[in-house]
Each structure stands twice: as structure tokens, then as C-alpha cells.
Number of protein chains: 2
Amino acid sequence: MTEPAADPRRAARRDAGRPRGANIVDAVLAGTLAELADHGLSGLNVERVARRAEVNKTTIYRRWPTRDALVAAALERVLIDVEAGLLIPGADLRADLLAIVRPLADVLSTDLGRAVMRAAMGESESPAVRELVRRRLHGQTTSPMDEIVSRARRRGEWGAEMNGDEVVFTLVGALMHRALLEQAPLSADWLDRLVEMVARGVR
Amino acid sequence: MTEPAADPRRAARRDAGRPRGANIVDAVLAGTLAELADHGLSGLNVERVARRAEVNKTTIYRRWPTRDALVAAALERVLIDVEAGLLIPGADLRADLLAIVRPLADVLSTDLGRAVMRAAMGESESPAVRELVRRRLHGQTTSPMDEIVSRARRRGEWGAEMNGDEVVFTLVGALMHRALLEQAPLSADWLDRLVEMVARGVR
DNA sequence: CCAAGATAGCAACTATGCGTTGCAATGTTT
DNA sequence: AAACATTGCAACGCATAGTTGCTATCTTGG
């Protein structure tokens, strides 16, 4: 539900037209993210996005039917970058967990990232966002974690009845809380302590 | 910034007037919470709140200058109920942690509670809400945790370099993630496993 | 090259919801 | 009874979401 917009009238011939919209899509979503970082979700305004992307408001509405859909699409852009770290096996469980959590920590260390995640939590009523979050959550972290857990089991680092997902989600929740509610820095030091604690906890 | 609204003109004589507003304040805040639960933060509408509370819109605006302030006041109402569990010392660290986290878990198990916490996270840009969250967070959990940690230290259950706040906040973050993003139930079983993991982690 | 089809811009419009204002009605205190 | 405070009411101004009808421009198949 991001690019061509499933429109019956557009089903027949999809190869004609003015400059095909990839550029526009990019510009608009980038503009949306920028506005999100600048004014927050509640201050996000479609007309400003349009101006920023140097595109007409109508064009935006033709591609994304509602403000929510626009935001959801923009969020998706960013969340793709939070893909779990490449699955290079680390020295131990702590290293593996750190590798999985660090990309998110990086995102949450920028104004944009915080704005985006805030939106993801706050707007998670919106069907579009809710769907997106579910997709990104399950499936993005689950498979890497399965790998990590079985490695850790082999090394005797994992004896808990906790499953992999539950553990990552706890870590993610902790990051969110610190970044969004406490508004405290996600320092390397703190991250180390957090992961250390969790790693000890599942032994 | 909850009840009388600091208004210079009202400083002189504050004892005359129509039925003093306690009833109205209650009705309006209750209405706000109800609307929040029904339509979510983005769907919350002052005029509907007014109808629901059987009060005029103007009256609301006279007491709470903006929609944000109204929401903040309503949030505060609920968050008071999340006060840390009475400090009855439990059998062990696990029991203490459970006692501290359970009130929040209860709140997050209702539609209203989820809506409220979602609002608290999403709207934490808004100065009013941000201030509120800070106040409730620091000071609400810190002192009970100091107590719990020193008890746990005495019993040899706490050897970690993690401090008390960091641990509660991790727990709270985990609850939030599960309730708001995963939208999974905060079952007693899951809560036990979570607390068990953390308790082991700080040893 | 040309006609068809698709996309984008533009301007004007509706609808909704926030927040304001002036005034009248009603209640309380001294 | 007089003074004062609070509420209700109706009518606004204003920003922003979302729509519509039209025209201009681009791409591609023939």
C-alpha cells in the first residue's frame, strides 16, 4: 500500500503518463519525515509537506488517501532501516543481543527517529500504522532471534523459559521507554548494562 | 494546572459564584477519559467531551486553555492510580518487583488504560504532557525502588551495577511494548516470567 | 509523428474542529 | 440587596483535512 495505490481505473495500462512518480514518492515521503521531525505528529500538516516536497497537495492525496496513510508510508521507510543487524554470529549472547538492538538505538538517537517511533506508538490506533507495526515487528526480529537463541542454547547461555521474541521485545521496550519517556540518552554504557542484565537473566 | 486555573482576574475573591466547579471538573475529566478510550487521542474532540459531560464547550475552555491541557489533566487523573504498590515488603525481590509493576499492568489491561498510555507516549511532545510524565515517572517510582534495592542487596539478590530506576523502567518499557505495540495480553504467566528474568539478571 | 492514456498542477470548494467573544442567566457571598 | 463569580448560549474566525473539475504536460504504442 505504498507505491502505485491499488486503483481499479489504473489497472489497464500502467505505462503512460507524466514523469512516473518514483521521484515524487521519494520527495513526498522525505518531506513527511522532515516535517515529522520538525513539528511532531500532531503538528504535521499535509500542505506544508506538499510545499516542502515541491509538489501539489492534490498529488499527495491522489497517492495516499488520508494523512494517516501518508504517515504510515513514511514510517515504513524509516523502519526498513531498523532491520536487525546482519546475522554475523558474535562472541557470545551479549554480543548477539547488542547487534540486534543497536540499529534501533541508533534510530532512537536522532530527532527524526524519536519522532517516528513516537508516532508509531501514539498512532498505533490507526489501522494503517497498526498493520505496519505488526508486520515490522513479527518477522523482522523473530527469525534472527531464533538463530541467536539456538546458538546461545548450544553454548549454555540460555536456559530460561523466556522465548526469543519476548526477550527482544523487552529490550526494545526498554529503549523506547528511555528514549521517549525518560528522554535520557541511549549511551553505549547504558546499552551494555541493559544487555548484560538481560543476558544474565535468561541463563 | 488542574483545578482553578491560575488566572489573575480570579485572584481577588474566589468564593462567590455559581455551583463551584468540582462536579464539573469531575464530569469533564471523566468524559475526556471516556472519549479517549472510545476514539483514541487523535479522535478526541472537545465538543463531544462537552456533550458527554453535559457541560458547555465554553466552560471547558475556560478551565483548560487548550485541548492538550485538558488531555494532560485527564491523564494525570489516571496516572495517580498507577502509584507504586504499597510498600509491603515481599518474600523476595521477585515479589517486590511484581508488586511495583502490577498496578501498571492492571491499567494496561483495560482499553482506557491503553488509550491513556498511548496518549502519554505519543503526545509526549506536548509540553503539558511531557511535564506530567516526568513528574509521575521520577519520584513516583524512585523512592520505592530505593527501598526495594537496599532490601534486595541485604539479601544478596542484587549485585548488578544497574540501579533501581533503570530496572523498573526496563520492566515498564516491556509492559508498554507488549500492551501497545504487540497488543498481546499481559497475562500473569508472562509477567512472572518477565520479572523472573529481570530478578535473575540483577543478581 | 500522433493519438491515447496517464499523471501532475491549479483553484475553488466543503466540512470539521479548535479556540474566542459578548451577553444573558443563575448562583453565592457579604 | 448588591456585588461578584460562574455557567450557558450563539455566533464567530481560522486552520487544516479532504474533494472536485479542469487544464497542462509527459510517455508510449501504433
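Residues numbered from 1 in each chain as written. Chains lettered and ligands numbered in written order. Predicted model: local features only at pLDDT ≥ 70, side-chain atom pairs only at ≥ 80, totals over all residues.

## Regarding the overall build of chain A
So, step 1. Counting its secondary structure elements, chain A contains 10 helices and 0 strands.
So, step 2. Beginning at the N terminus, the succession of helices and strands in chain A can be written as α-α-α-α-α-α-α-α-α-α.
So, step 3. Counting over 203 residues, chain A shows a buried share of 41%.
So, step 4. Considering only contacts in chain A between residues 6 or more positions apart, those separated by 24 or more positions represent 66%. (Helix = DSSP H or I, 4+ residues; strand = E, 2+ residues; numbered from the N terminus. Buried ≥ 20, exposed ≤ 12 C-beta atoms within 10 Å, placed from the backbone. Contact = placed C-beta atoms within 7 Å.)

## Looking at the nonpolar core
So, step 1. Core analysis: the largest hydrophobic core is formed by 122 residues, its most contacted members being Leu75, Leu171 and Leu175 of chain A together with Leu75, Leu171 and Leu175 of chain B.
So, step 2. Each residue touching leucine 75 of chain B, except ones within four places of it in the same chain, is listed here: Val116, Ala119, Ala120, Val129 and Leu132 of chain B. (Core = buried A, V, L, I, M, F, W, Y, C linked by C-beta atoms within 7 Å.)

## Structural notes on helix H9 (residues 164–182) of chain B
All names here are of chain B.
So, step 1. Helix length check: H9, at 19 residues, gives a terminal C-alpha distance of 26 Å against a target of 27 Å (1.5 Å per residue), a fit within 8%.
So, step 2. In terms of residue burial, H9 counts as a mostly covered element, since 17 of its 19 residues are buried.
So, step 3. Where H9 terminates, the next one or two residues include glutamine 183, which has phi positive at roughly 55 degrees. (Expected span 1.5 Å × (residues − 1).)

## Some words on the packing of helix H6 (residues 111–122) of chain A against helix H6 (residues 111–122) of chain B
So, step 1. Packing of H6 of chain A against H6 of chain B leaves a shortest axis separation of 8 Å and a crossing angle of 165 degrees. As judged from the angle between their axes, H6 of chain A and H6 of chain B are roughly antiparallel. The two elements H6 of chain A and H6 of chain B cross, and the hand of that crossing is left-handed. Two secondary-structure elements touch here, H6 of chain A through Arg118, Ala119, Met121 and Gly122 of chain A and H6 of chain B through Arg118, Ala119, Met121 and Gly122 of chain B.
So, step 2. Split into classes, the residues belonging to the contact of H6 of chain A with H6 of chain B amount to 4 nonpolar, 2 polar and 2 charged. (Axes fitted to C-alpha atoms, helices over the stretch in contact; angles between N-to-C directions. Parallel < 35°, antiparallel > 145°, perpendicular 65-115°, else oblique. Left-handed = near helix turned anticlockwise from the far one by under 90°. Nonpolar A, V, L, I, M, F, W, Y, C, P; charged D, E, K, R; others polar.)

## Topic: unusual backbone geometry
Note: most peptide bonds trans; most residues except glycine with negative phi.
All names here are of chain B.
So, step 1. The backbone of glutamate 54 shows a phi angle near 55 degrees, a positive value even though the residue is not glycine.
So, step 2. Considering the arrangement of structural elements, one finds glutamate 54 in the loop between helix H2 (46–53) and helix H3 (57–63).
So, step 3. Given 10 C-beta atoms within 10 Å, glutamate 54 falls into the exposed group.
So, step 4. Residues other than glycine seldom take positive phi values, yet glutamine 183 does so here, at roughly 55 degrees.
So, step 5. Topologically, glutamine 183 is positioned in the loop between H9 and helix H10 (188–201).

## So, the relation of the copies chain A and chain B
So, step 1. If you rotate chain A by 180 degrees and push it 0.0 Å along the axis, it lands on chain B with an RMSD of 0.1 Å. Here the transformation between the copies is reduced to the relation of a two-fold axis.
So, step 2. Of the residues that chain A buries at the interface, 100% are likewise interface residues in chain B, meaning the two copies contact each other through the same surface. (Least-squares fit on C-alpha atoms with pLDDT ≥ 70 in both.)

## Describing the interface of chain A and chain B
So, step 1. Contacts between the two partners involve 33 residues from chain A and, on the opposite side, 33 residues from chain B.
So, step 2. Within the residue set of the side of chain A that touches chain B, elements represented by two or more residues are H6, helix H7 (127–137), helix H9 (164–182) and helix H10 (188–201) of chain A.
So, step 3. Here the element with the most residues in the side of chain A that touches chain B is H9 of chain A; it accounts for 11 residues.
So, step 4. Looking at the side of chain A that touches chain B residue by residue, the class counts come to 17 nonpolar, 8 polar and 8 charged.

## Section: the confidence of the model for chain A
Residues and elements named next belong to chain A.
So, step 1. Residues with a pLDDT of 70 or more make up 84% of chain A, whose mean pLDDT is 84.
So, step 2. Mean pLDDT across the secondary structure elements of chain A bottoms out at H7, with 76, and peaks at H10, with 97.
So, step 3. This model gives residues 1–17 a pLDDT under 50, and the stretch forms 4 contacts once residues within four places in sequence are excluded. (pLDDT = per-residue confidence, 0-100.)

## Considering the packing of helix H4 (residues 67–80) of chain A against H6 of chain A
Residues and elements named next belong to chain A.
So, step 1. Where H4 meets H6, the axes come as close as 10 Å, and the angle between the chain directions of the two elements is 125 degrees. It follows from the interaxial angle that H4 and H6 lie oblique. Two packed elements cross with a definite hand, and for H4 against H6 that hand is left-handed. Contact residues: Val71, Leu75 and Val78 in H4; Val116, Ala119 and Ala120 in H6.

## A closer look at the environment of isoleucine 80 of chain B
Residue and element names in this part refer to chain B.
So, step 1. Within the fold, isoleucine 80 resides in helix H4 (residues 67–80).
So, step 2. Take isoleucine 80: there are 10 C-beta atoms within 10 Å of it, and that puts it in the exposed class.
So, step 3. In sequence terms isoleucine 80 and arginine 136 are 56 residues apart; their C-alpha atoms lie 8.0 Å from each other.

## With respect to the environment of glycine 31 of chain A
Residue and element names in this part refer to chain A.
So, step 1. Within the secondary structure, glycine 31 is located in helix H1 (residues 22–39).
So, step 2. Overall, glycine 31 belongs to the buried group, with 21 C-beta atoms counted inside 10 Å.
So, step 3. Taking C-alpha positions, glycine 31 is 32 Å from threonine 170, a pair spaced 139 residues apart along the chain.
So, step 4. Contact partners of glycine 31, with chain neighbours within four places excluded, come to Val49, Arg52 and Ala53.

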